[in-house]
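The lines below spell out each chain.
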Amino acid sequence: MTVVMITRAGSAVALNDYLSTAPAHDLDAPEGFHERVSVESTVGDCTTETFIEDMRRTRAVHGKQSLKIETYHVIVSQTHEEADPYDYAAGLRLHEMTEKLIAEAFPGHQAKLTTQRDNGHYEGTGAVAVWVPGKWHTHVQVASVSELDATLVRISAAGVETHHDYAAGRAIDSDMKDQNHLRRTADRVVRRELHYNNAAYVEACARHQAGRSGDKITRRDYAMRADPDGPGYSSHDAVRVQLREARALATDWDDYTDRLRAQGVNTRVTGTSGVSYSWTGIDGIKIKARARGKNGLGNSATKAEVEKQCARNKAEKEKGIELKAPTPTFAPPTMTTDRPVPIYLTPDGRPPWDAQFDDYVEHVRQTGGTYEGRALNGLRATIADPWVTDRDRLIAAAPDHGITVEGRVGAPAVTVSIPATDAPGDVTFDSERLGTAWTSRGLDEQINITRTRESNDHDAGQGRETGGAPEQRATEHTGRISEATLAARRAENLRRSDHQRAEADRRRREPAARDTPAAGPQHSDRDTDRPGEDALRPPRGTGKPHYPARDRLIGNPPRPDKDRGYSR
């Protein structure tokens, strides 16, 4: 369920540093996420690096430096069922949705958004410990003072829409930070952007949680559960067992408190529904905790929720149904297989991005694969060419395999370009995007390893004939290839590529010219640069085909081992 919470930021600088620069919380994660920030962006005239300065500049422009509150802290989180923590695209969808939510809930205000998933934890201890990955969630720092004139749209519980105009320099008021306003705005944005009913999903999750325990598990609980010298559960876990039993058997509030008092748990009502509990912990120390709050026992322990459960118990008892206490469970797991899932409002009930992904996969299949995959194939084929003995030669040979490589020997980075399939021109990206094995250093190591392996295979084969054998390669010019030569090579390959594309386009537009009754069966067009089948037939008395000589495209000396297939 998409949950939105808002609080005042005690220190805007401290919150900004904590969200952006603090170490990740999942350093012990078996998946090894180890990243504090996955996605970061801003709303309004500000940047992620200068948000504090930009926000304070706005305050100064409107003379609001004396306001005590500089920023508000908003948290938007989703369940694992809404956003898979292993799917980066899911986190990106949450981030983009939150940008729209903040723009509508706090119009005219600068904001910085930081999306994370580093809140995973272990459940259980020892051999039965299970890692529960963190949820995708977005932290938002919203500037208290607005920089632009704006109109706030509020929707009442009855669905009535009202508009409130705000002038630039106006601080966030009670209408903007009202929790009901935020919840309804989130429901509206989720339905529009993610295509499911968030209000209905929140209700389903609440019913599921109430049916299990209704407890709120805190970081302190997880730490005490993981203590190798402890009992495997926390002091809060222990008292929750008593609270669950009292809720299941009591028929009114007094009955509930009497049952707890008999077990050494005292209660004190605070406010209209808050409850403060006190008891002796498993280590003999007196403990106090509220129902709500960061380290609270859970909303199910509030007076309002307890009285609702007591009313249900009384009604069942009047029907003759026997009330039973739940089985004591000190540390019920938070992850279950029967959790509710969002119901998407699409014709087939699938998330809309699944259909988009299917369309993308089909597009990739029809266009010959992803750019990264095609670039990898081109690099592998180029490195496998025995003529390639260093990165300069890799750059010169790469166009023969459908790619262009930039970044000569000594350059710290290498870029790979490949013809675009859905637009004119090339797609260019750093080779590091393909993995650490394809960085500048990784490419050099792959070339050296491949040539060394071939040399060893040649020595082991005692004269076995292979293209580019060491004794043949020794007669070649080993000097550095000039930039002019590389430029001429690229220009010639570009001309050849354009010619081949034009020829392929002509063939696609003239399918009826082949295999017609009048013309009879037609053979597919041959590439005129390739030798004919007869020319490739081995001469009598030999086991090797004969390759006719061809002109080379650049000034490399002729190679006695084999010719190069430039038509690829």
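Predicted model, so just to flag it, every value in this text is computed and none were measured.

Let's talk about the overall build of the chain
Here comes step 1: The helix and strand tally for the chain stands at 17 helices and 15 strands.
Here comes step 2: In the chain, once contacts between residues fewer than 6 apart in sequence are set aside, the share between residues at least 24 apart is 63%.
Here comes step 3: Here the chain has roughly 31000 Å² of accessible surface; of this, 52% comes from carbon and sulfur atoms.

Brief notes about a nonpolar patch on the surface
Here comes step 1: Nonpolar side chains collect at one region of the surface, where Phe 357, Tyr 360 and Val 361 lie side by side and expose about 310 Å² of accessible area between them.
Here comes step 2: The topology assignment puts Phe 357 in helix H11 (residues 352-366).

A closer look at the sheet that holds strand E13 (residues 404-406)
Hydrogen bonding along the main chain pairs the strands of a sheet, whether they run parallel or antiparallel.
Here comes step 1: Taken together, the three strands give an open sheet; going across it, the order is E13-E14-E15, and neighbouring strands pair in antiparallel fashion. What marks the edges here is a single partner per strand, and that holds for E13 and strand E15 (426-430). Strand-to-strand, the axes of this sheet are offset by a mean angle of 20 degrees, without reference to chain direction.
Here comes step 2: Two strands pair when backbone bridges link them, and strand E14 (residues 415-419) and E15 are joined in this way by five bridges, in the antiparallel orientation. Paired with Pro 419 across the two strands is Asp 426, which belongs to E15.
Here comes step 3: Relative to the sheet, helix H12 (residues 371-384) contacts E13, E14 and E15, its axis offset from that of E14 by approximately 110 degrees.

Focus on the confidence of the model for the chain
Here comes step 1: Mean pLDDT for the chain: 79, with 77% of residues reaching 70 or above.
Here comes step 2: Note that pLDDT drops below 50 for residues 463-478; the model gives that stretch 29 contacts with residues more than four away or on any other chain.
Here comes step 3: Ignoring residues within four places in sequence, the model shows residues 512-568, a span with pLDDT below 50, making 74 contacts including any to other chains.

Re helix H2 (residues 51-61)
Every α-helix carries 3.6 residues per turn, so stepping three or four residues along brings you back to the same face.
Here comes step 1: Taken as a whole, H2 has its buried residues at Phe 51, Ile 52, Asp 54, Met 55, Thr 58 and Arg 59.
Here comes step 2: Residues of H2 that are buried sit in contact with helix H1 (12-21), strand E3 (71-77), strand E4 (111-116) and strand E7 (137-143).

Observations regarding unusual backbone geometry
Here comes step 1: At His 195, a position not held by glycine, the phi torsion is positive, near 65 degrees.
Here comes step 2: Inspection of the secondary structure assignment puts His 195 in the loop between helix H5 (179-193) and helix H6 (198-212).
Here comes step 3: According to the relative accessible area criterion, His 195 is partly exposed, its value standing at 30%.

Details of the nonpolar core
Here comes step 1: Among the nonpolar cores identified, the biggest contains 32 residues, and Val 74, Met 97, Phe 106 and Val 142 are the most heavily contacted of them.
Here comes step 2: If you list the elements that add at least two residues to this core, you get strand E1 (3-8), E3, helix H3 (88-105), E4, E7 and H5.
Here comes step 3: Of all the elements, H3 adds the most residues to this core, at six residues.

Brief notes about the packing of aromatic side chains
Here comes step 1: Summed over the entire model, instances satisfying the criterion amount to four aromatic pairs.
Here comes step 2: With centroids separated by 6.3 Å and ring planes inclined at 80 degrees, the aromatic side chains of Tyr 196 and Tyr 201 adopt a geometry described as edge-to-face.
Here comes step 3: Judged by relative accessible area, which is 1%, Tyr 196 ranks as buried.
Here comes step 4: With a centroid separation of 5.4 Å and 85 degrees between ring planes, the pair formed by Tyr 196 and Tyr 344 is classed as edge-to-face. One end of the pair, Tyr 196, is in the loop between H5 and H6; the other, Tyr 344, is in the loop between helix H10 (303-318) and H11, with 148 residues separating them in the sequence.
Here comes step 5: Of the aromatic side chains, those joined through ring pairs into one cluster are Tyr 196, Tyr 201, Tyr 344 and Trp 353.

Considerations on H11
Here comes step 1: Over its 15 residues, H11 extends 22 Å from the first C-alpha to the last, a length consistent with the 21 Å expected when each residue adds 1.5 Å.
Here comes step 2: Along its buried surface, H11 packs onto H3.
Here comes step 3: Looking one or two places after H11, you find Gly 368, whose phi comes out positive at around 95 degrees.

Overview of the sheet that holds strand E11 (residues 274-280)
Here comes step 1: Pairing is antiparallel across the open sheet formed by three strands, whose spatial order is E10-E11-E12. Of all the strands in the sheet, the pair left with one neighbour each is strand E10 (266-270) and strand E12 (286-290). Neighbouring strand axes in the sheet, compared pairwise and without regard to direction, differ in orientation by 20 degrees on average.
Here comes step 2: Here five bridges tie E10 to E11, and the two strands are oriented antiparallel to one another. If you follow Thr 267 over to E11, its bridge partner there is Tyr 277.
Here comes step 3: Sheet strands touched by helix H8 (residues 235-249): E11 and E12. Its angle to E11, the strand with the most contacts, is close to 110 degrees.
Here comes step 4: Across the sheet, helix H9 (residues 253-262) is in contact with E10 and E11; its angle to E10 comes to roughly 140 degrees.

Digging into the pattern of salt bridges
Here comes step 1: Applying the stated criterion to the full structure yields 25 salt bridges.
Here comes step 2: Asp 118 is the salt-bridge partner of Arg 36, the closest N and O atoms lying 2.9 Å from each other. Residue Arg 36 is found in the loop between H1 and strand E2 (39-43), and its partner Asp 118 is found in the loop between E4 and strand E5 (121-123); the two are separated by 82 residues along the sequence.
Here comes step 3: A relative accessible area of 7% places Arg 36 in the buried class.
Here comes step 4: Close ionic contact of Arg 192 with Glu 193 constitutes a salt bridge, the shortest N to O distance being 3.0 Å.
Here comes step 5: Bridged by salt links that share partners, the residues Glu 104, Arg 188, Arg 192 and Glu 193 form one connected network.

A short note on the environment of Cys 46
Here comes step 1: As for its position among the elements, Cys 46 is in the loop between E2 and H2.
Here comes step 2: Residues Cys 46 and Lys 112, 66 residues apart in the sequence, show an inter-C-alpha distance of 8.2 Å.
Here comes step 3: Apart from the residues within four sequence positions on either side, Cys 46 is in contact with Phe 51, Asp 54, Gln 110 and Ala 111.

Let's talk about the packing of H8 against H9
Here comes step 1: Where H8 meets H9, the axes come as close as 9 Å, and the angle between the chain directions of the two elements is 145 degrees. By crossing handedness, the relation of H8 to H9 is classed as right-handed. Only Asp 255, Tyr 256, Arg 259 and Leu 260 of H9 make contact with H8, whose side of the interface consists of Gln 242, Leu 243, Ala 246, Arg 247 and Leu 249.

Structural notes on the environment of Val 416
Here comes step 1: The residue Val 416 is located in strand E14 in this model.
Here comes step 2: Linking Val 416 and Ile 395, residues 21 residues apart in sequence, is a C-alpha distance of 9.8 Å.

Thresholds applied
- Residues numbered from 1 in each chain as written.
- Predicted model: local features only at pLDDT ≥ 70, side-chain atom pairs only at ≥ 80, totals over all residues.
- Heavy atoms only, no water.
- Helix = DSSP H or I, 4+ residues; strand = E, 2+ residues; numbered from the N terminus.
- Contact = heavy atoms within 4.5 Å.
- Areas by Shrake-Rupley, 256 points an atom, 1.4 Å probe, with all protein chains shown as cover.
- Patch = residues over 30% accessible without salt bridge, like charges linked within 9 Å, V, L, I, M, F, W, Y side chains within 5 Å.
- Salt bridge = Lys/Arg side-chain N within 4 Å of Asp/Glu carboxyl O.
- Pairing = 2+ DSSP bridges.
- Axes fitted to C-alpha atoms, helices over the stretch in contact; angles between N-to-C directions.
- pLDDT = per-residue confidence, 0-100.
- Buried < 20%, exposed > 50% of the residue type's maximum accessible area, 1.4 Å probe, protein only.
- Core = buried A, V, L, I, M, F, W, Y, C linked by side-chain atoms within 4.5 Å.
- Phe/Tyr/Trp six-rings, centres within 6.5 Å; stacked < 30°, edge-to-face > 60°.
- Expected span 1.5 Å × (residues − 1).
- Left-handed = near helix turned anticlockwise from the far one by under 90°.

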